[in-house]
Amino acid sequence: MTTERATVHAAAASPHGASDPRQEGPADLRIVAPALAAWVAAAVALGAPGAVVASACAVAVVLAAVALRRAAGRRRAEPEPAPETSPTSSGHHRLAPRPWSAGSLVAAAAVLLCAVAGAASAALHAADARRGPLPSWAQRYAHLTVELEVTGDPRMTRPKVRGSQRMPPSLVFTADVVRITGPDGSVTATRTPALVIAQQQNAEKHGGQDSPATQRGRWLGLLPSTRIRVAARAAPPMPPDVQIAAVLRVSADTPPRRVAEPSALQRMAGSLRAGLRDATDGLSPDARALLPGLVVGDTSRVPPDLDDAFRATDLTHLLAVSGSNLTIVLALLVGPPHLASRAERRGLAPRLGLSLRGTAVVGGALALTFVVVCRPDPSVLRAAACGLITLLAIGTGRRRSLLPALGTAVLLLILYDPWLARSYGFLLSVLATGALLLLAPRWSAALQRRRVPPRLAEVIAAAAAAQAVCAPVIVVLAARVGLLAVPCNLLAELAVAPATVLGFAALAAGPLVPSAAQALAWCAGWPATWIAGVARAGAALPGAEFGWPGGWVGGSALAVATVVLAAVGRRMLRRRWLCVLCALALILVVWRPAPLTRVLTGWPPPGWRAVVCDVGQGDGLVLAAGDGTALVVDAGPEPRAIDRCLTDLGVRRIPVIVLTHFHADHVDGLPGVLHGRSVGLIETTTLQDPPGQAEFVRRTAAAAGVPVTRAAPGERRRLGPLAWEVLWPPADTSGAASDGPNDASVTLLVRSAGLTLLLLGDLEPPAQQALLTGHPELPGIDVLKVAHHGSAHQDPELMRRVAPRLAVISVGADNPYGHPAPRTVDALRRLGAKVLRTDTDGAIAVLGTRAQLSATVQGRRTTRHRSPTTVARRRRRRRLTKEVTRRATGCAPHPPEGRARARTAAPAAPRKSRPRIPRPPAKQAPQWTSHDECPHRECPHRERPHRERLRHGR
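Okay, so let's go over this structure. This is a predicted model, so every value here is computed, not measured. Residue positions are counted from 1 within each chain, in the order its sequence is given. Since the coordinates come from a predicted model, pLDDT governs what is reported: local features require at least 70, and pairs of side-chain atoms require 80 or more to be given and counted, while whole-chain, interface and lining totals use all residues. By convention in this description, side-chain values take in all heavy atoms of the structure and omit both hydrogens and water.

A look at the overall build of the chain
Here is step 1: Helix and strand definitions here come from DSSP, where helices need a minimum of 4 consecutive H or I residues and strands a minimum of 2 consecutive E residues; each element is numbered from the N-terminal end. Within the chain, the regular secondary structure consists of 31 helices and 28 strands.
Here is step 2: Residues counted as buried form 45% of the 954 residues belonging to the chain.
Here is step 3: Only heavy atoms enter the contact rule, under which two residues are in contact if any of them lie within 4.5 Å. Residue pairs at least 24 apart in sequence account for 69% of intrachain contacts in the chain once pairs closer than 6 positions are excluded.
Here is step 4: Of the roughly 48400 Å² of accessible surface on the chain, a fraction of 60% belongs to carbon and sulfur atoms. We call a residue buried when its accessible area falls under 20% of the maximum for its residue type, exposed when it is over 50%, and partly exposed in between, using a 1.4 Å probe and counting protein chains only. Residue exposure ignores everything except the shown protein chains as possible cover, and the areas themselves are Shrake-Rupley values with a 1.4 Å probe.

A word on a nonpolar patch on the surface
Here is step 1: Patch definition: residues above 30% relative accessible area lacking any salt bridge, with like charges linked at up to 9 Å and the nonpolar side chains Val, Leu, Ile, Met, Phe, Trp and Tyr linked at up to 5 Å. Within this document, salt bridges are pairs made up of a side-chain nitrogen of Lys or Arg and a carboxyl oxygen of Asp or Glu, the two lying within 4 Å of each other. On the surface, W577, V580, L581, L584, I587, L588, W591, L596, V599 and L600 cluster together to form a nonpolar patch covering roughly 1100 Å² of accessible area.
Here is step 2: Those elements that place two or more of their residues in the nonpolar patch are α19 (576-591) and α20 (594-601).
Here is step 3: In terms of residue count, the dominant contributor to the nonpolar patch is α19 (seven residues).
Here is step 4: Turning to its location among the elements, L600 is positioned in helix α20.
Here is step 5: Here L600 falls in the exposed class, since its relative accessible area comes to 63%.

Focus on the sheet that holds strand β24 (residues 783-785)
Within a beta sheet, neighbouring strands are joined by backbone hydrogen bonds and run either parallel or antiparallel to one another.
Here is step 1: Taken together, seven strands build an open sheet; the order of strands is β20-β21-β22-β23-β24-β25-β26 and the sheet is mixed. The open sheet terminates on both sides in strands that have one partner only, identified here as β20 (716-719) and β26 (834-837). Across the sheet, the mean angle from the axis of one strand to that of its neighbour is 20 degrees, orientation sign disregarded.
Here is step 2: Two strands pair if DSSP finds at least two bridges between them. Two strands pair when backbone bridges link them, and strand β22 (residues 747-752) and strand β23 (residues 755-759) are joined in this way by five bridges, in the antiparallel orientation. In the sheet register, R751 faces β23, and the bridge partner there is T756. The axes used here are C-alpha line fits, helices contributing only the stretch in contact, and every angle between their N-to-C directions lies in the interval 0 to 180 degrees.

Topic: helix α17 (residues 514-540)
Here is step 1: Between the first and last C-alpha of α17 there are 37 Å, a value that for 27 residues agrees with the 39 Å anticipated at 1.5 Å per step.
Here is step 2: In this analysis the local bend is the angle between axes fitted, respectively, to the seven residues ending at and the seven residues starting at the residue. At G525, α17 shows its maximal bend, which comes to roughly 30 degrees, and the proline P527 appears one to four places after that position.
Here is step 3: Restricting attention to buried positions, one finds in α17 the residues A517, A521, A524, G525, P527, A528, I531, A532, V534, A535 and G538.
Here is step 4: Along its buried surface, α17 packs onto α6 (264-279), α7 (285-296), α8 (304-312) and α16 (485-509). Take the number of residues in a helix, subtract one, and multiply by 1.5 Å to get its expected span.

With respect to the packing of helix α3 (residues 102-129) against helix α13 (residues 402-416)
Here is step 1: At a closest axis distance of 8 Å, the pairing of α3 and α13 adopts a crossing angle of 30 degrees. Seen from α3, the contacting residues are C114, A117, G118, S121 and H125; seen from α13, they are L411, I414, L415 and Y416.
Here is step 2: Following the grouping adopted for this structure description, the nonpolar residues are Ala, Val, Leu, Ile, Met, Phe, Trp, Tyr, Cys and Pro, the charged ones are Asp, Glu, Lys and Arg, and the polar ones are all others, Gly among them. Partitioning the contact of α3 with α13 into residue classes produces six nonpolar, three polar and no charged.

Structural notes on the sheet that holds strand β16 (residues 630-633)
Here is step 1: In spatial order, the strands read β19-β18-β17-β16-β15-β14-β27-β28; together these eight strands make up an open sheet with mixed pairing. Unpaired on one side and paired on the other, β19 (708-710) and β28 (853-857) mark the two borders of the sheet. Here the strands of the sheet are splayed against their neighbours by 20 degrees on average, with no regard to which way each runs.
Here is step 2: Summarising the sheet, strand β18 (residues 678-684) and β19 pair through three bridges and their orientation is parallel. Across the sheet, residue T684 finds its bridge partner in β19, namely R710.

So, a positive patch on the surface
Here is step 1: A cluster of basic residues, R449, R570, R571, R574 and R575, forms a positive patch on the protein surface.
Here is step 2: Here R574 lies in the loop between α18 (551-572) and α19. For the purpose of charge, His is not counted, nor are the chain termini; Lys and Arg are scored as positive and Asp and Glu as negative. Charge positions are represented by NZ for Lys, CZ for Arg, CG for Asp and CD for Glu.

Re the pairing of strand β17 (residues 653-659)
Here is step 1: The element β17 is largely enclosed, with a buried count of six among its seven residues.
Here is step 2: Taken together, β16, helix α21 (residues 639-649) and β17 constitute a β-α-β crossover, and its handedness is right-handed. Clockwise travel from the first strand over the helix to the second, with the strands pointing away from the viewer, marks a crossover as right-handed.

Regarding the side chain of D307
Here is step 1: By the secondary structure assignment, D307 is in helix α8.
Here is step 2: The exposure class assigned to D307 is buried, which follows from its relative accessible area of 14%.
Here is step 3: When residues no more than four places from it in sequence are discounted, the contact partners of D307 are R158 and V302.

Some remarks on the environment of R131
Here is step 1: The topology assignment puts R131 in the loop between α3 and α4 (134-139).
Here is step 2: Note on R131: relative accessible area 41%, which makes it partly exposed.
Here is step 3: Sequence separation between R131 and R191 is 60 residues; the distance between their C-alpha atoms is 7.8 Å.

Here's the deal with α20
Here is step 1: The element α20 is largely exposed, with a buried count of zero among its eight residues.
Here is step 2: Of the residues trailing α20, G602 is marked for its positive phi of about 75 degrees.

Considering the pattern of salt bridges
Here is step 1: For the structure on display, the rule yields 27 salt bridges.
Here is step 2: When the shortest N-O distance is used, the salt bridge between E458 and R455 registers 3.7 Å. Of this pair, E458 and R455 are both found in helix α15 (residues 454-478), three residues apart, which corresponds to roughly one turn of the helix.
Here is step 3: Given a relative accessible area of 59%, R455 falls into the exposed group.
Here is step 4: Across the pair E715 and R717 runs a salt bridge whose closest N-O atoms are separated by 2.4 Å.

What to know about the nonpolar core
Here is step 1: One finds F310, L318, V410, I414, F426, L507 and I531 to be the most contacted residues of the largest nonpolar core, which totals 88 residues.
Here is step 2: Examining the composition of this core, we find that nine residues originate from one element, α16, more than from any other.
Here is step 3: Dropping the residues within four chain positions of it, I531 is found in contact with L290, L294, F310, L318, A492, A495 and V496.
Here is step 4: Joining through side-chain atoms within 4.5 Å is the link that ties buried Ala, Val, Leu, Ile, Met, Phe, Trp, Tyr and Cys residues into a set, and such a set is a nonpolar core. Membership of the second largest hydrophobic core comes to 34 residues, among which are V611, V615, A641 and L674.

With respect to the packing of α13 against helix α14 (residues 424-449)
Here is step 1: Contact geometry of α13 with α14 gives a least axis separation of 10 Å together with a crossing angle of 165 degrees. The angle between the axes of α13 and α14 places the two elements in the roughly antiparallel class. For the crossing formed where α13 meets α14, the hand is left-handed. Within the contact between the two elements, α13 uses L402, L403, L406, V410, L413 and I414 and α14 uses F426, V430, T433, G434, L437 and L438.
Here is step 2: Looking at side-chain class alone, the contact of α13 with α14 contains ten nonpolar, two polar and no charged residues. Each angle receives one of four descriptions, namely roughly parallel if under 35 degrees, roughly antiparallel if over 145, roughly perpendicular if within 65 to 115, and oblique otherwise. Handedness of a crossing is defined here by the sense of rotation of the near helix relative to the far one, left-handed for an anticlockwise turn of less than a right angle and right-handed for a clockwise turn.

Structure representation (structure tokens):
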């Protein structure tokens, strides 16, 4: 008796159907709901109290039992198939679906039971973080002696700038605490997860001991499953983290004391990874850093600038080993996926005489080895689980269905390791794989219908689908959107397969034939260099990425925008001229030619004299000296910020860079200033302190071939329309620099087109007083760069002497130092100065002449987010205050209590002791065009025209 073949097998040549059919019907989503239920339940249960989780699980089990019982009853009571049917495409009739049928009740029970399993597994894993005495010791910041079992590879953190200092990189790794010796001598056996941070305290004073690099190498050489004993100080995780019980801080100045060696499997994996690193030692810097990351996810050599380039172009998934790596490895064994289940399969398996079941067994061993060597990261586990399920289908002869395999893999992994439910890496991996299975085939077919070559259409559809579903999650983490993700992924895809295949060959040959491994690594270095070049070239474009609101609100907004854009793009594909226009618009947005950017954004404003760049908590100032030429004073704490500012300003040539002093928030961005620009000279202060950061400047300048000199007091230079004089520090800084590097800051008096600017660096009050004493002829100025980010330590006499009309403060948003100090800002405003600051106004451009001084800000923003209710309440309060003031005082510009508070906070100096401050005529006053820019913020007449308000205030 013959049966009608299913739709998905109708086109197959074999009567048994296709082994890898193209499913024409709807996708099989039966396993998706249980997997999502387990995922959500695990994510919630990880942070919920145990009693709440137990109660919820009990209720869910009862509901599932009721659903199963009712399903069994309905199945017994269900009559024979009713005539109420609908014809299918094959001519058969199918029962019309009934709500809450027996099948629906069974599906609901399966969802509930999977949710219970996920929640129970999560609750048990979360209990490990609260088990034992370690959490209580961490709350007391106790000093402990602990025995650890390493669970993750040690890695170095990126160096960060905190305030004026560059914090040294720390070595971090995860471990399980298996034995604790408390301060009271009590010994407790436990197994509690913790995060270990190893820092070198005496990196420059190691004396006759091993060098810091050697000491750090001993810690970096720790393999998972190694047991060590260390003395540590426990601390609670900040912010609170349910995955670890404590943070253990240990000293990296002494090597760890090993209690037990790693397992044989981990030693084998460690030797393979070390062999690949040794084989890449002779390659170019980018290839040496990138190839281990492409093959096994070893990113220990990737420099910060290359890592930033990969993030800007959304190529970081290449460094996080994922399904593509395992697919390439398995393709070497089984050949093309569509032939994997057939006798005529290709690859190494038929050449080795392996049967289908033997192929599945060998493929499973390769997948497990892949997990051990590449480490069980979320993307690796997801890829391995999907691969093992697919290999199981091959070995059992069942038809492969990739979407149910993905759902099954997610369900099993969540039950095995519930922490994956809160892992963004796991979420990105699953979303990307789901997009490749659901969206990419449809988009590829749509492109092929429009005469796009099949292979190109598949690659474009895969990159676009993965980017579309992953971009909202990336926005949640990074608050940015990359515009070059798809083209950069397309260009990098050309080299991924060769680099991966040759890299795995070098990995396998390393322990056996090191010379062959070096030759294979040399061949793999070419495609790896290509990938790094694509990332660097894409990140160098001005519009490679743009800011987007972060958090889940921003991610949801981007998801909605992506859906709308996909719907609009589907119709746009029908009109080629619209596609061409959109492509040209995208090119212009990414390239951002200066004339077009200036027309659309108004930045940079024409005729700008000076720009205070928004570099965060640091200083970075640019002074115009002609077409594409500028003087740069300080470089900020981060290279990308100052590089972006100079690129927006169109600065290509920098004859002189002045670094006021060697604190990290002024010099660490120097590589960004040197990037792609012609630099003639770097001028620094005379005090070479801190010595490590002074050495960093010399080393960076030497690598770029730029000479370094020291500023001399009284030195005068001219650069086109720009002229400046060095006022400070004196030649002998031993007595002048009482506050260290701050008081040795290079202070410049700059003149540009009639404007006078005073740049104080980070001078403290003693140095400011000495500067005023040494230069009694110091004139009144137009623009003041407030010293030390507007801190409270300012000399009032110097401020009164220079009497600035505009004061600019370079400061980072939400900095922990309280900069700028309110009393400094108030003192400047009482002197009649307009105060602008980069944390709320963005980059600041100074324009005009002395007669017509003006300023433009790049983007006004606020550091505090207020709810609509709060805003409305404050508006009502402001209106009531204004009305009461009018009735009580008539046209008084400020409430009497406001004037009293001002006099009490900062009493004015006697009138005779005040220097006379020359002012331009009233009609030539600074043209502050915004109501928010009015310095009289307490004026009750803020709703009146601005000109009347200025006249009334003055």
